Amino acid sequence: MDFANLTEQQICDYVVDLQMPKFRGKQIHQSIVNGLSLEEITVLPKDIKEKIIDFYPKHKIYKKLISKDGTKKYLIEFADGNIVECVLMSYKYGNTICVSTQVGCRMGCKFCASTLQGLNRNLTAGEILGQIYLVNKDNGGNKKNRVITNIVLMGSGEPFDNFENVCQFIEMISSEESLNISKRNISLSTCGLVDKIDQLAEKNYGISLTISLHATSDDERKKIMPVANRWSIKEILDACDRYFAKTGRRFYIEYTLVNGVNDSKEDALRLSNLLKGKVCHVNLIMLNPVKERDLKATSRQNAEIFCKKLNDYGISATIRRSMGEDISGSCGQLRNKFIK
Ligand code: SAH
């Protein structure tokens, strides 16, 4: 039993069962949302704290790194000693947090550091929420005055491989008793599990859907993303069309440019043909090379040529500004440094 996974009402019911007044449940819930540790709570007397010590969330910030560009990277440690990373990026329009959904990942993408050690376990909804509550607090925020405005599920892990907990998380973080973050400001990134794209469309949350495509033919995709053996590019893009039809939200394509693998003029043409007429936007990403892998980033100049080609073919595309490179910006890179 972990209070981190419960709603305010559920915590209230629980404390009443433990012979405590209901208002204690509200205080406990509010303290969790404010990112407080049990020791930091001032409104609860000692005997109450003792009664709930086994149920109160124990995750904490294990390490924090601040980049030259202001990006902050956090390692969050959970009760069982597992560590995940999350990143806070500041933009003109607000602060975006990138959170992890699993400890490790089993998707096996060749360019990604999260998958090097395989999947350790899923995160609970409360552990995904906890990353946000802790970082919000660390930056001077609380429930009423939140610092975080946008959430991307783009950290370690494949969110669709942890579907139920991720859905519970989305419902909780967007509720008024939590940080009340609009679902429109939440974005989920997936390597393309087609059945789950349809299930997410059914939920009709209206969150943004981002597909990590990274290749323009199934054969090339199979070389860098094992998931391509299960679902074809066409099946994925058809599911994205259904997502748009159901939710009215345009979708996003992530395309990490890898030197000599997927960054040719022919790739730009094939990508344009795949996306022609679709309501989507392409984010081109500069590969952040993972030292265990033999893949190199494309040159800035080639990325610009690739982007211009897409634009010339009528596809909406931009090169994503790279942030936090000096602090092991990409998925899993920082965690790997610490678990070895
Ligand atoms: N599993 C999900 C979310 C996590 S990965 C997904 O596949 O989308 C988040 C994004 O970072 C993905 O687009 C992924 O392809 C990209 N990424 C992973 N490692 C990277 C690296 N070393 N350099 C650049 N982008 C990377």
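Treat the numbers as computed from the prediction; the structure is a model and nothing was measured. (Residues numbered from 1 in each chain as written. Predicted model: local features only at pLDDT ≥ 70, side-chain atom pairs only at ≥ 80, totals over all residues. Heavy atoms only, no water.)

Attention now goes to the overall build of the protein. Tallying secondary structure elements over the protein gives eleven helices and twelve strands in all. The principal-axis extents of the C-alpha atoms in the protein amount to approximately 70 × 40 × 35 Å. Burial analysis of the protein (340 residues in total) assigns 55% to the buried set. Put simply, of all contacts in the protein between residues at least 6 apart along the chain, 65% involve residues at least 24 apart. Put simply, the protein shows about 15100 Å² of open surface, and 48% of that area lies on carbon and sulfur atoms. Treating the 49 positive side-chain charges of the protein as one cloud and the 40 negative ones as another, the clouds have centres 4 Å apart. (Helix = DSSP H or I, 4+ residues; strand = E, 2+ residues; numbered from the N terminus. Buried < 20%, exposed > 50% of the residue type's maximum accessible area, 1.4 Å probe, protein only. Contact = heavy atoms within 4.5 Å. Areas by Shrake-Rupley, 256 points an atom, 1.4 Å probe, with all protein chains shown as cover. Lys, Arg positive; Asp, Glu negative; His and termini not counted. Charge placed at Lys NZ, Arg CZ, Asp CG, Glu CD.)

Here we come to the site of the ligand. Neighbouring the ligand are 22 residues, the closest being Glu-158, Ser-189, Ser-212, His-214 and Asn-288. Glu-158 is positioned with one of its side-chain polar atoms (N or O) 3.0 Å from a nitrogen atom of the ligand. Contact distances for the ligand include 3.4 Å between an oxygen atom and a side-chain N or O atom of Glu-254. A total of 540 Å² of accessible area belongs to the ligand in isolation, and the protein chains cover 93% of it. At the level of elements, β8 (186–190), β10 (251–257) and β11 (280–286) are the ones that each hand at least two residues to the shell around the ligand. (Near = heavy atom within 4 Å. Polar contact = N/O pair within 3.5 Å; in protein donor to acceptor, adjacent residues only side chain to side chain.)

This paragraph deals with the domain arrangement of the protein. By the assigned domains, the protein splits into domain 1 (1–55) and domain 2 (59–339). Centre-to-centre separation of domain 1 and domain 2, based on C-alpha positions: 33 Å. Carbon and sulfur atoms make up 53% of the area that domain 1 and domain 2 hide from each other, which totals about 1100 Å². A per-residue breakdown of the area domain 1 buries against domain 2 is headed by Asn-5, Val-33 and Asn-34, which together make up 45% of the total. On inspection of domain 1 and its partner domain 2, the count reaches one salt bridge. Where domain 1 packs against domain 2, one counts seven residue pairs in polar contact (both at pLDDT 80 or more). The element contributing the most residues to the side of domain 1 that touches domain 2 is helix α2 (residues 22–33), with four residues. For the side of domain 1 that touches domain 2, the class distribution of residues is five nonpolar, six polar and two charged. (Domains from an automatic or database assignment. Buried area = accessible area lost by both parts, 1.4 Å probe. Salt bridge = Lys/Arg side-chain N within 4 Å of Asp/Glu carboxyl O. Nonpolar A, V, L, I, M, F, W, Y, C, P; charged D, E, K, R; others polar.)

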